[in-house]
Amino acid sequence: MSSTTRTPTTSRVKTPNIGAAIFALAMGGVGIGVTEFTMMGLLKEVEQGLNISTPEAGHLISAYALGVVVGAPLLAAVGAKLPRKHLALGLMLFFTLANLTSYLAPDYGSMLVSRFAAGLPHGAFFGVAAVIAASLVPASRRGWAISMVMAGLSVSNVIGVPAATWVGQTFGWRLLFVLVGGIGALTLVLLWKYVPFQAPHPDASIRRELGALKRLQVWLAILIGIVGFGGFFATYTYIAHTMTMVAGIPASLLPLVVALYGLGMVAGTVVGGRLADKSVMGTLYWVLPGIAAALVTYAVAVHWPWSALVMVFVVGASGSLLIPALQTRLLDASPDAPSLASSLNHAALNVANALGAFLGGVVIAWGWGFVAPALVGAVLALLGLAVAVTSGLLERKRPLAA
């Protein structure tokens with residue numbers, strides 16, 4: 001009887017393809033960005049298709065934003081015990097199916113429910129995606145990794161949103177949700193193939209994640225996002241009216257305006273990641289007054305077409321510089337509950353969206369004109385700076401936990 005001698009094998013941990021993993025996570029951001037922002041450009045078609053009023057169509061956008069605010073902390077906490085890869089896959093599957101139900105929704109009520117459902121995984125997905133991306137690189141490159149994931153949302157405004165808007169206007173607005181479902185399915189494949197498995201923390205629990213909400217620095221970071229980023233949305237919400245009625249730009253060029261804004265967002269997100277790697281709080285201290293200055297300049301420059309187009313890019317870039325630093329700050333403020341803390345950034349940004357749009361609408365209703373929202377935004381950015389300075393001063397007295 002012969003025996004076969006076998007060489008003992010050693011288990012090897014496969015080195016992850018960091019670029020492919022981050023690309024997979026960013027692709028989820030593209031799908032989320034397309035479903036979130038394209039609805040704004042298809043409101044007229046939605047109104048006609050569902051036989052509803054303009055305010056009712058606007059409620060579909062609000063329902064999605066509400067889903068983000070509710071779902072970000074809830075799903076991140078519930079998924080605390082899951083491996084991060086599995087949580088990301090589950091959230092993207094949820095997102096994909098919810099968008100396909102929007103395609104099938106027969107009436108306004110069911111559409112309202114499906115849009116709320118589609119918003120639920122938004123913040124939690126970005127939260128766990130940021131944590132995964134940050135874990136794949138050295139600590140000195142966390143800001144860059146997070147910015148690459150967030151860039152998916154920005155890129156969607158340059159390519160995905162204009163393309164989806166054209167498809168919706170040409171072939172029917174419901175096809176938007178089929179397109180988003182396709183992006184979601186592609187993201188699932190990429191996540192499964194390229195994102196490495198990471199075992200959950202042995203002490204992970206819903207209670208541990210919710211512990212992030214007990215920390216003052218977490219709430220201050222959220223407040224910076226709500227107030228400081230509110231000016232970005234106060235301007236963006238009314239950009240079509242401002243460009244056509246103040247700058248005198250033809251409505252046919254509005255896709256160019258949106259694309260310039262999106263390009264600015266891409267540039268700002270990438271540069272913001274580099275800045276956050278150098279200094280998170282330093283980035284907040286410099287970017288917030290920079291946003292205020294950009295919005296004041298925009299309010300002046302918007303009276304001439306060419307300077308208006310330049311400032312559209314600048315405003316988009318200045319606002320997006322803030323996002324990687326805020327995301328990193330939340331991770332630093334709650335290292336033992338990273339998924340929930342990170343997801344709260346997107347809940348904060350959706351509250352900022354509502355706040356900025358509301359305050360911008362108030363000053364327009366008061367008769368101050370379409371330039372006024374930018375000035376409101378400048379004030380909000382300075383208030384955000386005050387919150388950031390307060391956070392920094394408190395950190396000197398009580399440093400963040402390691």
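Cut-offs applied
Residues numbered from 1 in each chain as written. Predicted model: local features only at pLDDT ≥ 70, side-chain atom pairs only at ≥ 80, totals over all residues. Heavy atoms only, no water. Patch = residues over 30% accessible without salt bridge, like charges linked within 9 Å, V, L, I, M, F, W, Y side chains within 5 Å. Areas by Shrake-Rupley, 256 points an atom, 1.4 Å probe, with all protein chains shown as cover. Salt bridge = Lys/Arg side-chain N within 4 Å of Asp/Glu carboxyl O. Helix = DSSP H or I, 4+ residues; strand = E, 2+ residues; numbered from the N terminus. Buried < 20%, exposed > 50% of the residue type's maximum accessible area, 1.4 Å probe, protein only. Contact = heavy atoms within 4.5 Å.

A look at a nonpolar patch on the surface
Then, number 1: Judged by side-chain polarity, Leu-66, Val-70, Leu-74, Val-78, Ile-206 and Leu-210 come together as a nonpolar surface patch covering roughly 500 Å² of accessible area.
Then, number 2: Elements with a contribution of two residues or more to the nonpolar patch: helix H3 (54-78) and helix H8 (206-210).
Then, number 3: The leading source of residues in the nonpolar patch is H3, at four residues.
Then, number 4: With respect to the helices, strands and loops of the structure, Ile-206 is situated in helix H8.

Description of the side chain of Ser-156
Then, number 1: Residue placement: Ser-156 occurs in helix H6 (residues 142-171).
Then, number 2: Given a relative accessible area of 0%, Ser-156 falls into the buried group.
Then, number 3: For Ser-156, the contacting residues outside a window of four places in its chain are Gly-29, Val-30, Gly-33, Val-34, Val-161 and Pro-162.

Looking at the pattern of salt bridges
Then, number 1: In this structure the tally under the stated criterion is two salt bridges.
Then, number 2: The partner of Asp-332 in a salt bridge is Arg-142, with the nearest N and O atoms 3.0 Å apart. Linking Asp-332 in helix H15 (residues 322-333) with Arg-142 in helix H6, this pair joins segments that are 190 residues apart in sequence.
Then, number 3: Overall, the relative accessible area of 22% leaves Asp-332 in the partly exposed class.
Then, number 4: Glu-395 is the salt-bridge partner of Arg-329, the closest N and O atoms lying 2.9 Å from each other. Of this pair, Arg-329 sits in helix H15 while Glu-395 sits in helix H17 (residues 372-397); the two residues are 66 residues apart in sequence, bridging distant segments of the chain.
Then, number 5: Among the residues examined, Arg-329 registers a relative accessible area of 3% and is labelled buried.
Then, number 6: Accessibility expressed as a relative area gives 23% for Glu-395, which makes it partly exposed.

Some points on the environment of Val-46
Then, number 1: Positionally, Val-46 belongs in helix H2 (residues 43-50).
Then, number 2: With a relative accessible area of 1%, Val-46 lands in the buried category.
Then, number 3: C-alpha of Val-46 to C-alpha of Trp-166: the two residues are 120 residues apart in sequence and 14 Å apart in space.
Then, number 4: With residues near it in sequence (within four places) discarded, Val-46 still touches Met-39, Asn-51, Ile-52, Leu-60 and Trp-173.

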